[in-house]
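Structural overview for review
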Amino acid sequence: MSTLAVLQSLKESVLSQASVKAIYGEPISAHGKTVVPVAKILYGYGAGAGTGGLGDANARGEGGGGGGGVRAIPVGVIEISEQQTSFVPITDRKKLTGAVLAGIGLGVLLGWRTRR
């Protein structure tokens, strides 16, 4: 199998997994609302091949390989009701807490420096 054929096969395999259903999960209905989970999909793939012997023209050499991966990160839900449709994001509390603490620390430091 040629390198181009391997890359094409990997691409088709990875892209078949990154479908709309993977990004927008199956809708869930309850209590007059429909909730649709939303995710961010990241994917990548690569392959390589080689032929011939290294430094020796008579040596028989071959090689090849490839791989790919898909990652889904939940980002929120779309909430649908008779009154409205809205996007409800999922927040990362650790990042938010870190940003708040960094802001407080910077404020204390700047306040201390201006008093000197």
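To keep things clear, this report deals only with the structure shown in the data block. It should be emphasised that the depicted structure is a prediction, and the values quoted were computed from it without experimental measurement.

Quick word on the pairing of strand S4 (residues 85-89)
Where strand S3 (residues 62-80) lies against S4, five bridges are found, and the strand directions are antiparallel. Looking at S4, one finds that Gly 76 is bridged to Pro 89. As consecutive antiparallel partners, S3 and S4 are separated by four residues.

Description of the side chain of Ser 81
In this fold, Ser 81 is placed in the loop between S3 and S4. Apart from the residues within four sequence positions on either side, Ser 81 is in contact with Gly 32 and Lys 33.

Focus on the sheet that holds strand S1 (residues 28-30)
If you trace the four strands from one edge of the open sheet to the other, you get S1-S2-S3-S4, paired in antiparallel fashion. Every interior strand has two partners, whereas the edge strands, S1 and S4, have only one. Direction aside, the axes of adjacent strands within the sheet are offset by 25° on average.

Focus: the environment of Glu 79
Summarising the element assignment, Glu 79 is placed in strand S3. Along the primary structure Glu 79 and Pro 27 are separated by 52 residues, whereas in three dimensions their C-alpha atoms are 9.6 Å apart. Not counting the four nearest positions on each side in its chain, Glu 79 is found in contact with Lys 33, Thr 34, Gln 84, Thr 85 and Ser 86.

Let's talk about the pattern of salt bridges
Two side chains carrying opposite charge are able to pair once their charged atoms lie near each other. One pass over the full model with this rule turns up one salt bridge. For the salt bridge of Glu 79 with Lys 33, the shortest nitrogen-to-oxygen distance reads 3.7 Å. Of the two residues, Glu 79 is situated in strand S3 and Lys 33 in strand S2 (residues 33-51); the sequence distance between them amounts to 46 residues. Relative accessible area serves as the criterion here: at 38%, Lys 33 is assigned to the partly exposed category.

What counts, and at which threshold
Sequence positions are assigned chain by chain, starting from 1 and proceeding in written order. Owing to the predicted nature of the model, reporting of local features is limited to residues with pLDDT of at least 70; listing and counting of side-chain atom pairs is limited to 80 or more, with chain, interface and lining totals taken over all residues. With hydrogens and water excluded, all non-hydrogen atoms of the structure serve as input to the side-chain values. Strands were regarded as paired on the criterion that DSSP finds at least two bridges between them. Helix and strand definitions follow DSSP, with helices as H or I runs of at least four residues and strands as E runs of at least two, each counted in order from the N terminus. The contact definition used throughout considers only heavy atoms, calling two residues in contact when any of these lie within 4.5 Å. Axis definition: a line fitted to C-alpha atoms, limited for helices to the stretch in contact. Angles are taken between N-to-C directions and run from 0 to 180 degrees. Any carboxyl oxygen of Asp or Glu that lies within 4 Å of a side-chain nitrogen of Lys or Arg is treated as forming a salt bridge with it. Residue burial is assigned from relative accessible area. The probe radius is 1.4 Å, only protein chains are included, and a residue is buried under 20% of its type maximum, exposed over 50%, and partly exposed in between.

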